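Coordinates in review
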Amino acid sequence: MAEDTTTTTAEAPATNEAAAPATAPKRKKTKRSVPSGQVHILASFNNTIVTFTDPKGGALTASSAGACGFRGSKKGTAYAAQIAAERAGNAAKQQYGFSRAEVFIKGVGLGRDAAVRALAGLDIQVESIQDVTGVPHGGVRPKKARRV
């Protein structure tokens, strides 16, 4: 009986080894070069989010005032937006060689102008600036007519 238990324990590792090669080999990540693209800036009263994308809109790098360590009401400041834009811009320049950008700004927060100025400070050529803030049309349903 002792021989039977040794054979079963010897078989168990063999099945584990056979399962290991079944996983696909990992592909080496190629370094991608994106010299020009888009920068999307979402500036709300509470936070500012800066996203660098390729020309089709696929995200490359992103940063926000909250991710840079600002908390509470400080996240909505122009300085926090500047730091967030610098952090995302440096990552985009180093990893992808980002140098030209079309800027899309959404929102009414304090970080709108500061984020664009920070891009210019990083030697990223701003080709165009568009405001894509949503504008309501039609509005909400009016109040019920008053009957006297």
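To start, this report covers the structure provided alongside it. (Residues numbered from 1 in each chain as written. Predicted model: local features only at pLDDT ≥ 70, side-chain atom pairs only at ≥ 80, totals over all residues. Heavy atoms only, no water.)

1. Re the overall build of the chain
- Within the chain one finds three helices and five strands.
- Counting from the amino terminus, helix and strand elements in the chain follow one another as α-β-β-β-α-β-α-β.
- Here the chain holds 148 residues, and the buried ones make up 30% of them.
- Of the contacts formed within the chain by residues at least 6 apart in sequence, a portion of 64% connects residues at least 24 apart.
- On the chain, roughly 10,600 Å² of surface is accessible, and the fraction owed to carbon and sulfur atoms is 55%. (Helix = DSSP H or I, 4+ residues; strand = E, 2+ residues; numbered from the N terminus. Buried < 20%, exposed > 50% of the residue type's maximum accessible area, 1.4 Å probe, protein only. Contact = heavy atoms within 4.5 Å. Areas by Shrake-Rupley, 256 points an atom, 1.4 Å probe, with all protein chains shown as cover.)

2. Structural notes on the pairing of strand β5 (residues 125–131)
- Relative to β5, strand β4 (residues 100–106) runs parallel, the two being bridged by six bridges. Its bridge partner being in β5, V103 is matched across the sheet by I129.
- Regarding the hand of the β-α-β motif, the stretch spanning β4, helix α3 (residues 111–121) and β5 is right-handed. (Pairing = 2+ DSSP bridges. Right-handed = clockwise from strand over helix to strand, strands pointing away.)

3. Digging into the packing of aromatic side chains
- Applying the stated criterion across every chain, the model contains two aromatic pairs.
- Taking the centre distance of 5.9 Å and the plane angle of 85° together, the rings of F70 and Y79 count as edge-to-face.
- By relative accessible area, which is 51% here, Y79 ends up exposed. (Phe/Tyr/Trp six-rings, centres within 6.5 Å; stacked < 30°, edge-to-face > 60°.)

4. Details of the sheet that holds strand β3 (residues 59–64)
- The mixed open sheet is built from five strands, whose spatial order is β3-β2-β1-β4-β5. Single-partner strands in this sheet number two, and they are β3 and β5. In this sheet, neighbouring strand axes are inclined to one another by 20° on average, regardless of whether the strands run parallel or antiparallel.
- Two elements, strand β1 (residues 36–43) and β4, share seven bridges in a ladder whose sense is parallel. (Axes fitted to C-alpha atoms, helices over the stretch in contact; angles between N-to-C directions.)

5. A word on the nonpolar core
- Counting residues in hydrophobic clusters, the biggest one holds 25 residues, and the most contacted among them are V39, I41, V50, F52, F98, V103 and I124.
- Among the secondary structure elements, those contributing two or more residues to this core are β1, β2 (48–53), α2 (78–96), β4 and α3.
- Looking at this core element by element, the count peaks at six residues for α2.
- Beyond its immediate chain neighbours, meaning those up to four positions away, F98 contacts V34, P35, S36, G37, Q38, V39, F52, T53, L60, A92, K93 and I124. (Core = buried A, V, L, I, M, F, W, Y, C linked by side-chain atoms within 4.5 Å.)

6. Some points on the pairing of β3
- Here five bridges tie β2 to β3, and the two strands are oriented antiparallel to one another. In the strand pairing of β3, V50 is matched with S63.
- Linking two consecutive strands that pair antiparallel, namely β2 and β3, is a turn of five residues; a positive phi of about 110° is found at G57 within it.

7. Focus: α2
- Taking 1.5 Å per residue, 19 residues should reach 27 Å; α2 reaches 26 Å between its end C-alpha atoms and fits that length.
- Along α2, the positions that sit buried rather than exposed are A80, A81, A84, A85, A88, G89, A92 and Y96. Down the axis of α2, the buried side of the element spans an arc of 160°, and every buried residue falls inside it. Away from its buried face by more than 90 degrees, α2 exposes Y79 and Q94.
- Buried residues in α2 make contact with β2, β3 and α3.
- Residue G97 follows α2 closely and has a positive phi angle near 70°. (Expected span 1.5 Å × (residues − 1). Arc of directions from axis to C-beta.)

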